[in-house]
Amino acid sequence: MVPIGVLASGRGSNLDAVLDAIDNRYLSKCEVKIVISNRPNAPALDIAKKHYVQTITLDDKGIPKKDWDYDQKTIAALKSHGVLPREGLIVLAGYMRILSEQFVDLYPHRIINVHPALLPSFPGLEAQRQALDHGVKVTGCTVHLVDREVDHGILQTAVAIRDDDSVETLSSRILREEHRILPEAIRLLTEDELRFEGRKVLFKN
Ligand code: GRF
């Protein structure tokens, strides 16, 4: 079983999708050992509790968005719950912090994130609004590895933009796809179906 640590800051719908996929055995080779939030009142914490998963809050109030001292506390919590470098998997599910280089170097190919756009288009915050403002006709979501080079895509899905879309309507259609491809990417990684070649993440078979 691959031990997973989830880092979350907010609503937690992607966390819920991952935990549902474990509960219904779509994911059978991994378990979520710990959910860590940087925000004390994140609804993601309640979602973890609903699934009987342990939680830790490491309040980052007043701490810079990228901070190695803070990250070391997160790493200590991950390790103490068995999410060890190389063996474990770290899933960023709406985590509103930036991991330091030292953190990502410690877990090569073992940290993933879900982003609501087709990277490398529209990185950063409010990706759905960026896509609408730009006028593109297709956007989507990406599950990618988190490392120094950023955006090594594992899976991507396209979502068509409609003329009458608002940020809300577009976000909710993208979110449905996020809830599908995040568990799928975790399945591919935890069932050892992927290989890494430079920037590329490829299927083994
Ligand atoms: C999602 O849109 C995800 O792509 C982005 O943050 C949002 C998190 O939503 N990184 P939730 O907390 O999983 O509901």
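Let me sum up the structure you'll find in this document.

Conventions we followed
- Think of each chain on its own: its residues are numbered from 1, step by step along the sequence as written.
- At least 70 in pLDDT is required for a residue's local features to be given in this predicted model, at least 80 for side-chain atom pairs to be given and counted, and no such filter applies to totals for whole chains, interfaces and linings, which use all residues.
- Excluding hydrogens and water, the side-chain figures rest on all heavy atoms present in the structure.
- Secondary structure elements follow DSSP: runs of H or I of four or more residues count as helices, runs of E of two or more count as strands, with numbering from the N terminus.
- With the radius of gyration taken over C-alpha atoms, the globule rule is written as 2.2 Å times the number of residues to the power 0.38.
- Relative accessible area decides the class of each residue, using a 1.4 Å probe on protein chains only: under 20% of the type maximum gives buried, over 50% gives exposed, and in between gives partly exposed.
- In what follows, a contact means two residues having at least one pair of non-hydrogen atoms within 4.5 Å.
- With residues, only the protein chains shown are counted as cover, and all accessible areas are computed by Shrake-Rupley using a 1.4 Å probe.
- Just so you know, the count uses Lys and Arg for positive and Asp and Glu for negative, and it drops His and the chain ends.
- We put the charge of a Lys on NZ, of an Arg on CZ, of an Asp on CG and of a Glu on CD.
- By convention in this document, the label disulfide applies to cysteine sulfur atom pairs within 2.5 Å.
- Expected helix span is given by 1.5 Å per residue-to-residue step, counting one fewer step than there are residues.
- Pairing of aromatic rings covers Phe, Tyr and Trp, the last through its six-membered ring, and needs centres within 6.5 Å; plane angles under 30 degrees mean stacked, over 60 mean edge-to-face, and all others mean tilted.
- In this scheme, the term charge over a ring applies when either NZ of a lysine or CZ of an arginine sits within 6 Å of the ring centre and within 35 degrees of the ring normal.
- Proximity criterion: a residue is near a molecule or strand once any of its heavy atoms comes within 4 Å of it.
- Pairs of N or O atoms within 3.5 Å make up the polar contacts considered here, provided that, within protein, one atom can donate a hydrogen while the other can accept it, and that residues adjacent in sequence are counted only when both atoms are side-chain atoms.
- Polar here means any residue outside two lists: the nonpolar Ala, Val, Leu, Ile, Met, Phe, Trp, Tyr, Cys and Pro, and the charged Asp, Glu, Lys and Arg; Gly therefore counts as polar.
- In plain words, nonpolar cores are sets of buried Ala, Val, Leu, Ile, Met, Phe, Trp, Tyr and Cys residues tied together by side-chain atoms within 4.5 Å.

**Overview of the overall build of the protein**
Phase 1: A count of helices and strands for the protein gives six helices and nine strands.
Phase 2: Taken against the 2.2 N^0.38 rule, which gives 17 Å for 205 residues, the C-alpha radius of gyration of the protein at 16 Å falls within 12% of a compact globule.
Phase 3: Its C-alpha atoms give the protein principal-axis dimensions of about 50 × 45 × 35 Å.
Phase 4: Here the protein holds 205 residues, and the buried ones make up 50% of them.
Phase 5: Within the protein, contacts between residues at least 6 apart in sequence are counted, and of these 63% link residues at least 24 apart.
Phase 6: Summed over its atoms, the accessible surface of the protein is roughly 10,200 Å², and 50% of this surface lies on carbon and sulfur atoms.
Phase 7: For the protein, the separation between the mean place of its 27 positive charges and that of its 29 negative charges on side chains is 2 Å.

**Notes on the state of the cysteines**
Phase 1: Counted by the stated rule, this structure contains zero disulfides.
Phase 2: Not part of a disulfide, Cys 30 finds its nearest cysteine sulfur in Cys 141, a span of 19 Å.
Phase 3: Given a relative accessible area of 0%, Cys 141 falls into the buried group.

**So, helix H6 (residues 167-190)**
Phase 1: Over its 24 residues, H6 runs 33 Å from end to end, which matches the ideal 34 Å to within 8%, given 1.5 Å per residue.
Phase 2: Directly beyond the C-terminal end of H6, a positive phi value near 55° is found at Asp 192.

**A word on the packing of aromatic side chains**
For any pair of aromatic rings, the description consists of the separation of the ring centres together with the inter-plane angle of the planes.
Phase 1: As enumerated under the stated definition, the model contains one aromatic pair in all.
Phase 2: One Lys or Arg, Arg 97, reaches over the ring of Tyr 70 and ends 4.1 Å from the middle of that ring.

**Some points on the site of the ligand**
Phase 1: In the vicinity of the ligand, the contacting residues are Arg 11, Gly 12, Ser 13, Asn 14, Gly 94, Val 114, His 115, Pro 116 and Glu 178.
Phase 2: Between the ligand and the protein, one listed contact pairs an oxygen atom with a side-chain N or O atom of Arg 11 at 2.6 Å.
Phase 3: In the environment of the ligand, an oxygen atom lies 2.6 Å from a nitrogen or oxygen atom belonging to the side chain of Ser 13.
Phase 4: Contributions of two or more residues to the shell around the ligand are made by helix H1 (13-23) and strand S5 (111-115).
Phase 5: Per-class residue counts for the shell around the ligand are two nonpolar, five polar and two charged.

**Examining the nonpolar core**
Phase 1: Counting residues in hydrophobic clusters, the biggest one holds 43 residues, and the most contacted among them are Val 32, Ile 112, Ile 154 and Ile 186.
Phase 2: Residue contributions to this core peak at eight residues, all from H6.
Phase 3: Setting aside its immediate chain neighbours within four residues, Val 32 contacts Ile 4, Val 6, Val 18, Leu 19, Ile 22 and Val 53.
Phase 4: Leu 7, Ala 77, Leu 99 and Tyr 107 belong to the second largest nonpolar core, which has 18 residues in total.

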